[in-house]
Structures are given as C-alpha cells and as structure tokens.
Amino acid sequence: MILTALRSALRPPHRLHATYERLLGTEVEVQVVARTAEQAHAAEHAALTEIERLTRIFNRFDPESELRRWQARPGDTHVPLSLELLQVLRLADHWRAHSGGAFHAGADALAQLWQQAAAADTLPSPDALARQVSALRAAPWTLHADGSATLHASGPLGLNALAKGYIVDRAAQVASRHAGVRSVLINAGGDLRVIGPARVEVLIADPFTAQDDAPPVARIGVREAALATSGQAHRGFQVQGRHYSHVLDPRTGQPVQEVPGVTVTAPECVTADALATVLSVLEPRAGLNLLSSLPDCEAMIVTADGQRHVSPGWTGVPLPRRTVRPSRRPLLTAR
C-alpha cells in the first residue's frame, strides 16, 4: 500500500487545455493541471457552468439577463438584485470615485453617439457630447443596504470593463477548488487569471497594428495573479477616413488618443480589467501615480509616440522584432 501511494504521488499531472468560441463575446481558454484526467474535466465543467451562470446575469445583449431587466426599470426604487450584480455595481462605484471619473459605466451612452456618428460619417455634435458628459456627472444608481438598487440613468450602461474580469475570476476560483486540481488558467480574449503554482508566459501584442501576425512587443510571466490588456487597434470608430479609439473619456466624451495600449497585472482579473480602462483614459503620469497606491498592481503604458511607461514593479521583458510569429497562446507551466 505504501508503494502504491508513492507511485500515485509521483504520477505526472494531467494537463487539460480546451478552447471555446463565442463565450463572453470572445474566445475562452480553460487550462487545468490536476492529478487525474477525471479531476481536470470536473474542474473544467465547473468553470464553464459558472461562466454560463454569470453570463445570464451580466450579458448586455440578452434582454432576459438580470442586468438588462434591471435597466428596463429606470426610476423603480429598491429593485432587489443578485449578490453578483450588486458586487460589480459596488466595484463600478469604487472605480468611478477612485479614478476621478475616468471610469464610468455610463460611457456606453457616449459610445452610442460615436456609433451614430460613424454610421453618418460625421463627428458627433459637440452639444450632444456635452449634454451626455454633463449627465454622467450624476450617480447612475443608488445601492441600498437591503440588497436592492435604484437606477437613475436612462441611457445605456456597460459593465463589461468589470464583468468580464469578474466572471474570469469566479470561473478560475470555482475550478481551483476541485479535488486534485493544482493550477488553473482562464483566459477570455486576453483577460486572464492564473491560480496555483503554475506560471504562464504571456506575449503582449503590438498596440499600433491590428494585424494578428504582428510580432509581440513584450512578454511577462504571470503566477497566482491576473492580467488584462486594453488596446485601440482592433476596435473603434471610423469617421471621415480616420480611426478613433473605442475607449472614451467619460469626462470629455472624446476617444482617447494619447494611450493606444495598456497591459496590467493585478491579484484579480476584475481589478486588472478596471485598471486597463482607467490607465487608457488617464494621462500616463497620473495613471502611474494611481497605480502606486494599489498593492501588487503593475502596468506597462504605451503612448502614441511609441514610448513605454512602466510601473516600478513591472517585470515584463521587451522583445526584439521578429520575422516569424511565435504562438500567442498562453500555456501553463506546471509546478
């Protein structure tokens, strides 16, 4: 019996790696290192179940999601909400205050104006932008002590800058609690969380090009932490032949231009997600000052002139230009 137990302990771990399309509006990777294949698959199933459950709460495109049903009731007082939605709304309140308004769930209303402008191939009306920016100065909702909320904003609200990271965190946590699981990686379109002693090497895309085969500009190792990236190259508005970023400054209504790319590491993906947005909006020095007050949070900010501004604890390594594209898929290295 002792010999059998020893052999079992020395058995190489099982590595599960699966990719799913059209989850959370992107490609989602699930990687699990566990003692057995059965344990790895059980953890994977738990992660996918949690993603599906939380998607039913936060999906802004589904009229039956809890978020959309609540948004259909502006002015209704003390609407009971799930614990998960309340947690994300509290986080949105925190980041709106902590960033001086650089983060705001109501920025989706500004995006709507820019989408209409792109369709008409003309810049948004300055008056319309000014009215919407003024409206954003008011609190979009009130959260009550009894677990309910009152929605004040009548325009669209977007929680994606928090909700995706929140879901990634929860899925990774649920999977990691299964018996026999050593390490877990959940990666949702570049927003990822690693739990366990394994390490993942992440390649950071060039923020100045939308080409998928462009060489990465840096790499960074992530262990027991999270990473999120915000970039302008793949998304935005095209108006009169000019590309405008999809990241909008809620304080001005204008697309950000000075910071085309941000990568953040943090203890949790929901924090990295929020900071990736905030640091895209703030001037780099202000963003790094904000970051210095947050334990275990680091970032690389790439500005429009090509300079890289990094926090003191940033451990990313710049990469030279390459003619051959390496794999961008992050892979767990088991420990």
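Residues numbered from 1 in each chain as written. Predicted model: local features only at pLDDT ≥ 70, side-chain atom pairs only at ≥ 80, totals over all residues. Heavy atoms only, no water.

As for the pairing of strand β9 (residues 218-222)
Here is step 1 of the chain: Covered by surrounding structure in β9 are A218, I220 and V222 only, the residues R219 and G221 on the alternate face being uncovered.
Here is step 2 of the chain: Bridging between strand β8 (residues 199-204) and β9 involves 5 bridges; their strand directions are antiparallel. Across the sheet, the residue bridging to I204 is A218, located in β9.
Here is step 3 of the chain: Across 2 bridges, the pairing between β9 and strand β16 (residues 317-318) is antiparallel. Looking across to β16, one finds that R219 is bridged to V317. (Buried < 20%, exposed > 50% of the residue type's maximum accessible area, 1.4 Å probe, protein only. Helix = DSSP H or I, 4+ residues; strand = E, 2+ residues; numbered from the N terminus. Pairing = 2+ DSSP bridges.)

Some words on the sheet that holds strand β15 (residues 308-310)
Here is step 1 of the chain: A sheet is described by the order of its strands in space; here 8 strands give the open sequence β1-β2-β6-β7-β10-β13-β14-β15, paired in antiparallel fashion. The open sheet has two free edges, formed respectively by β1 (14-23) and β15, since each of these has just one partner strand. Across this sheet, the average inter-strand angle for adjacent strands is 10°, counted without regard to direction.
Here is step 2 of the chain: Pairing of strand β10 (residues 226-231) with strand β13 (residues 261-266), which is carried by 6 bridges, proceeds in the antiparallel orientation. Residue G231 lies in a different strand from β13, and its bridge partner there is G261.
Here is step 3 of the chain: The sheet contacts of helix α9 (residues 284-291) involve β14 (298-302) and β15, and relative to β14 the element is tilted by about 175°. (Axes fitted to C-alpha atoms, helices over the stretch in contact; angles between N-to-C directions. Contact = heavy atoms within 4.5 Å.)

Regarding the nonpolar core
Here is step 1 of the chain: Grouped together as the largest cluster of nonpolar side chains are 70 residues, with contacts concentrated most on F58, W70, W141, L159 and I186.
Here is step 2 of the chain: Ranked by residue count, the leading element in this core is helix α8 (residues 269-281), at 9 residues.
Here is step 3 of the chain: Other than its neighbours up to four places away in sequence, F58 contacts L67, E84, L85, V88, A163, Y166 and I167.
Here is step 4 of the chain: Core analysis: the next-biggest nonpolar cluster, separate from the first, contains 15 residues, V194, V202, A218 and I220 among them. (Core = buried A, V, L, I, M, F, W, Y, C linked by side-chain atoms within 4.5 Å.)

Concerning the confidence of the model for the chain
Here is step 1 of the chain: Put simply, the chain has an average pLDDT of 90, and 92% of its residues get 70 or more.
Here is step 2 of the chain: Scored below 50 in pLDDT, residues 1-10 makes 0 contacts in the model with residues more than four places away or belonging to other chains. (pLDDT = per-residue confidence, 0-100.)

As for the sheet that holds strand β3 (residues 79-80)
Here is step 1 of the chain: As summarised here, the arrangement of the 3 strands in space is β3-β5-β4, forming an open sheet in which the pairing is antiparallel. Single-partner strands in this sheet number two, and they are β3 and β4 (141-143).
Here is step 2 of the chain: When β3 meets strand β5 (residues 148-151), the two strands line up antiparallel, connected through 2 bridges. Its bridge partner lying in β5, V79 is registered against A149.

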